[in-house]
Each structure stands twice: as structure tokens, then as C-alpha cells.
Amino acid sequence: MKVWSPLLVPREAIEAEIERLAEVPAGQGGRRSSVIVHPESTAPGLGLSPGVDVTINVLKPGEETEPVRHNSNQVEFCLRGEGEVRAGDRQISVSKWSAWNIPSMKVYSHRNNGKDLFVRLTYSNAPMLEKLGIHHIERGVAYSDLRGGNSPATTNAPAKYTRESAPDFVITEAGARVRGYEFLTDIEVVENHMIHWPWEKVSEHLSMTYGDNKRNIMLLYNPATERRNGTTHSFFATLASTAPGTPPRKPGRGHKHSSVAINYHYKGFGSSVVDGQEFHWRAGDLMLSAPAWSEHAHYPGPEGHGILTIQDHPLQIGMESLIWQERMDGPILTLGSEKGQTGYVGPRQEGA
């Protein structure tokens, strides 16, 4: 299968689409949205990569979307303005460069409570579910009906048919077991709620001044994803920052991984080399910067940079398919299944 080409979506195109959305009537459910589609994408499941879509969402002051829920999960990032987001039993107030997650099957809605446009990018695993024919969407639902989720199914079956009392037999000393059907239909719950990463708090932990000894890249971690180290069960989101005056990275080989990477450049300028092809980016550009298993390297400019990166890393850990090569002369590691890469505090940046 041919790997999709890297793609740069310039700031001007994104800004023009934001203004266009603000001028047209709101669509279904009060939404003003446009999906950014890669030219190599095919239906069903149009997206910026084979399993990920990125949507530009705009709300005018006072507008609110109709509650909806679906079994895709999302990461959202505020580009402009401010608003309120409700998902399940939680509500948050967000502003520029804040990030948050929308868990699967939580009823959610957005409201612009400011004076400017409320603009956000939404990253979703909907294309993968659409290709599988299993993307379930419910529109016009009410928070009062669902109380943020489903009520447990009840039957008249005897109480003995529960996960706690179901059969669970050891077959071999190597760990093989057989278990009752209850283990399939009543899986142990790991609570997953909407979580907010406000920019003003996250930025305290990113390098903003050269020599401040802070990290250049940090993961927005959701504990519900456990060892998969995700922001949602499908995606991790990282925020990267280099301070003005940081010595430039020397030209050289990049790294590669099976997870796809999509970068939104929220400040600065620089360049990326993907499979030998050079791209120049600046603040406001969106880029499919690492199509799966493409070698890539990034070179921030002298004024520093800021990047939101979305990867389907947690999904691939769950599938045991995440392979990673940090140095092109180094080993290919199956992350999550064997000891991983150590000795780096940022991509290809040597540290303690």
C-alpha cells in the first residue's frame, strides 16, 4: 500500500475557510464545520490521513450547537475566541490554545459565550470507524435523558450471571484461560471524562526562554488511557515549544514511526523534511508531517516555535502495531511490547 504524501495546509486557506463559515448559515445542529480532506483520501472515511480527520469549527457569538453523541473520540484545540464545552456531566470554559478531549459516547455541545468567533480544530478517529462501517451517531439527544452516558442494561437473568461470579479457568501454566461470556459483555470500566488542558497552565511547563531548563515537548495525558499514554484512547496530543535563540538543530537524519503525525503550528516558523522532501511552515499552518512510517525531521527557526502534534499512538499500542525508530541507524522497537527508547527528552534531543 502506498503511503500518503505529506501535505501542508497554509494559514491563508484555513483563515479563509474560517471567514467563509462565519458568513454562511449554520448547518445541521447549529454547526459551522469543514473537514480538511487529503487529495488521496477516498470515501467512506474522508480525512487528512487514512484514519484521522481534522475539522475546522466556527461558532459566532451567542451560538450554541445541538447536543450530539457518537462512538468516535476527539481532541480539540482552540484557535481563536472563547467558549463553553459540555460533555457528559462536565462543563469547561476554554480559550486560545487550550486543548481538551471529547470521550466516545458522551453527549456534548459547544457554546460561544464571547464577543469574537469561537474557532477550534477537532481531530477524530471517525474515518477509521466509517471505513469499518461502525460510526454510530445520535443527534438531538438530551443531557437529561442520558445523564452523560448509558444506564446499565438490566435483565431478569439470575444474579449468578455476573462478571464477578462467571467461570474463569486456568488452561495452561503459560497463562491460557477460558472465561464466561459475562467477561465480554460487562467489561471492567475505566472512567473516562472530558479533561481540559488550559494553555496558561500547560505553558508553565514548556520552554519559553532559552536556558530555562524546561522541556521542549510535553504530552497532554489522560489517566483513563493508562499505559497507552494518550489524550484519548485513539490519540496523543503533545505541545512542543522552543524558545527564541535556541541553537538550530543540525541537518541530519530524522526518525520514523508507524503512527501518523499531524502538526498545527501555533507560533514561529521553520521547516520539515519528510522522506527527503522539504516543507517550509509558519504559524497558522497545518501539516500532515509524518504519514505512517515516513522518515521526518523538523527544524524550528531562530525565533522559536510552538506545535500541537496529534498521533494515533495509543490506538496502535492497543493493536500492538506501534513500531518506532528513533535513530535511523538504530533498532526498530515495538513500543509497549518491549523496552523502548531512552535517553531523549525531546525528539532526537539528547538528555539525562
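Residues numbered from 1 in each chain as written. Predicted model: local features only at pLDDT ≥ 70, side-chain atom pairs only at ≥ 80, totals over all residues. Heavy atoms only, no water.

Engineer: Tell me about the side chain of S72, residues and numbers included.
Structural biologist: In this structure, S72 sits in the loop between β4 (68-70) and β5 (74-80). Of note is the side chain of S72, whose polar atom sits 2.8 Å from the side chain of H70. Here the side chain of S72 touches H135 through a polar contact of 2.9 Å, side chain to side chain. Once residues lying within four places of it in the same chain are set aside, the contact partners of S72 are S104, S124, N125, A126, L129 and H135. (Helix = DSSP H or I, 4+ residues; strand = E, 2+ residues; numbered from the N terminus. Polar contact = N/O pair within 3.5 Å; in protein donor to acceptor, adjacent residues only side chain to side chain. Contact = heavy atoms within 4.5 Å.)

Engineer: Before we move on, can you summarise the nonpolar core with the specific residues and values?
Structural biologist: Core analysis: the biggest nonpolar cluster contains 36 residues, and F77, Y123, L239, Y264 and L286 have the highest contact counts within it. With four residues, helix α1 (residues 11-23) is the largest single contributor of residues to this core. Ignoring any residue separated from it by four or fewer positions in sequence, one finds F77 in contact with W97, S98, A99, W100, V119, R120, L121, L239, Y264, Y266 and L308. (Core = buried A, V, L, I, M, F, W, Y, C linked by side-chain atoms within 4.5 Å. Buried < 20%, exposed > 50% of the residue type's maximum accessible area, 1.4 Å probe, protein only.)

Engineer: Just give me the short version of the pattern of salt bridges, but keep the residues and values in it.
Structural biologist: Counted by the stated rule, this structure contains 13 salt bridges. Where D116 meets R80, a salt bridge forms, and the shortest distance between an N and an O atom there is 3.1 Å. With D116 in the loop between β9 (108-111) and β10 (118-124) and R80 in strand β5, this pair connects stretches of sequence that are 36 residues apart. In this structure D116 comes out as partly exposed when scored by relative accessible area, which is 34%. Between D168 and R179 there is a salt bridge; the shortest N-O distance is 3.3 Å. Separated by 11 residues along the polypeptide, D168 in strand β12 (residues 168-170) and R179 in strand β13 (residues 177-179) bring together distant segments of the chain. The exposure class assigned to R179 is exposed, which follows from its relative accessible area of 52%. (Salt bridge = Lys/Arg side-chain N within 4 Å of Asp/Glu carboxyl O.)

Engineer: Break down the environment of T242 for me, citing the residues and quoting the values.
Structural biologist: Among the structural elements, T242 can be located in strand β16 (residues 236-242). For T242, a relative accessible area of 13% corresponds to the buried category. On a C-alpha basis, the gap between T242 and I307 in space is 9.4 Å, while along the polypeptide they are 65 residues apart. For T242, the residues in contact, after removing those within four places along its chain, are S207, N216, P300, G304 and H305. Only 2.7 Å separates the side chain of T242 from the side chain of H305, close enough to count as a polar contact.

Engineer: Give me the packing of aromatic side chains: which residues, what numbers.
Structural biologist: Aromatic ring pairs are described here by two measures, namely the spacing of the ring centres and the angle between the planes. Tallying each qualifying case throughout the model produces five aromatic pairs. Both rings, one in W199 and one in Y266, keep their centres 5.4 Å apart while their planes meet at 75°; by these two values the pair is edge-to-face. Of this pair, W199 sits in helix α5 (residues 199-202) while Y266 sits in strand β18 (residues 261-274); the two residues are 67 residues apart in sequence, bridging distant segments of the chain. Taken together, F77, W97, W199, Y264 and Y266 form an aromatic cluster joined through their ring pairs. Above the ring of F118, the side-chain terminus of R120 is found at 5.9 Å from the ring centroid. Note that R179 overlies the ring of F183, its terminal NZ or CZ placed 4.1 Å from the centroid. (Phe/Tyr/Trp six-rings, centres within 6.5 Å; stacked < 30°, edge-to-face > 60°. Lys NZ or Arg CZ within 6 Å of the ring centre and 35° of its normal.)

Engineer: Any chance you could break down the pairing of strand β3 (residues 53-59) for me, citing the residues and the numbers?
Structural biologist: Burial of β3 is extensive: seven of the seven residues sit out of reach of the surface. Side chains D53, T55, N57 and L59 of β3 all project onto a buried face; the interleaved residues V54, I56 and V58 project onto the opposite face, where all are buried too.

Engineer: With reference to specific residues and values, describe the environment of N73.
Structural biologist: Summarising the element assignment, N73 is placed in the loop between β4 and β5. Each C-alpha atom, one on N73 and one on N125, is 6.3 Å from the other, the two residues being 52 residues apart in sequence. When sequence neighbours within four positions are dropped, the list of residues in contact with N73 reads I102, S104, Y123, S124, N125, T232, H233, S234 and F235. A polar contact is formed between the side chain of N73 and the side chain of S234, at a distance of 3.0 Å.

Engineer: I'd love a proper account of the pairing of strand β2 (residues 33-36), names of residues and values included.
Structural biologist: Of the two faces of β2, the one holding S34 and I36 is buried and the one holding S33 and V35 is not buried anywhere. Alignment of β2 against β3, held across four bridges, turns out to be antiparallel. Bridged to S33 within β3 is N57. (Pairing = 2+ DSSP bridges.)

Engineer: Which residues make up the side chain of T225, and what are the values?
Structural biologist: Turning to its location among the elements, T225 is positioned in the loop between β15 (217-219) and β16. Look past the residues within four positions of T225 in its chain and what remains in contact with it is G230, T231, T232 and H233.

Engineer: Explain a nonpolar patch on the surface to me, and be specific about the residues and the numbers.
Structural biologist: Together, V35, V37 and L46 make up an exposed nonpolar region whose accessible area comes to about 210 Å². With a relative accessible area of 37%, V37 lands in the partly exposed category. (Patch = residues over 30% accessible without salt bridge, like charges linked within 9 Å, V, L, I, M, F, W, Y side chains within 5 Å. Areas by Shrake-Rupley, 256 points an atom, 1.4 Å probe, with all protein chains shown as cover.)

Engineer: Can you explain the sheet that holds strand β23 (residues 333-334)? Please cite residues and give values.
Structural biologist: Here three strands make up an open sheet; going across it, the order is β17-β22-β23 and the pairing antiparallel. Strand pairing shows two members of the sheet lacking a second neighbour, β17 (256-257) and β23, which therefore form its edges. Here β17 runs beside strand β22 (residues 323-325); their pairing, made up of two bridges, is antiparallel. Within β22, the position partnered with K256 by the bridge is Q325.

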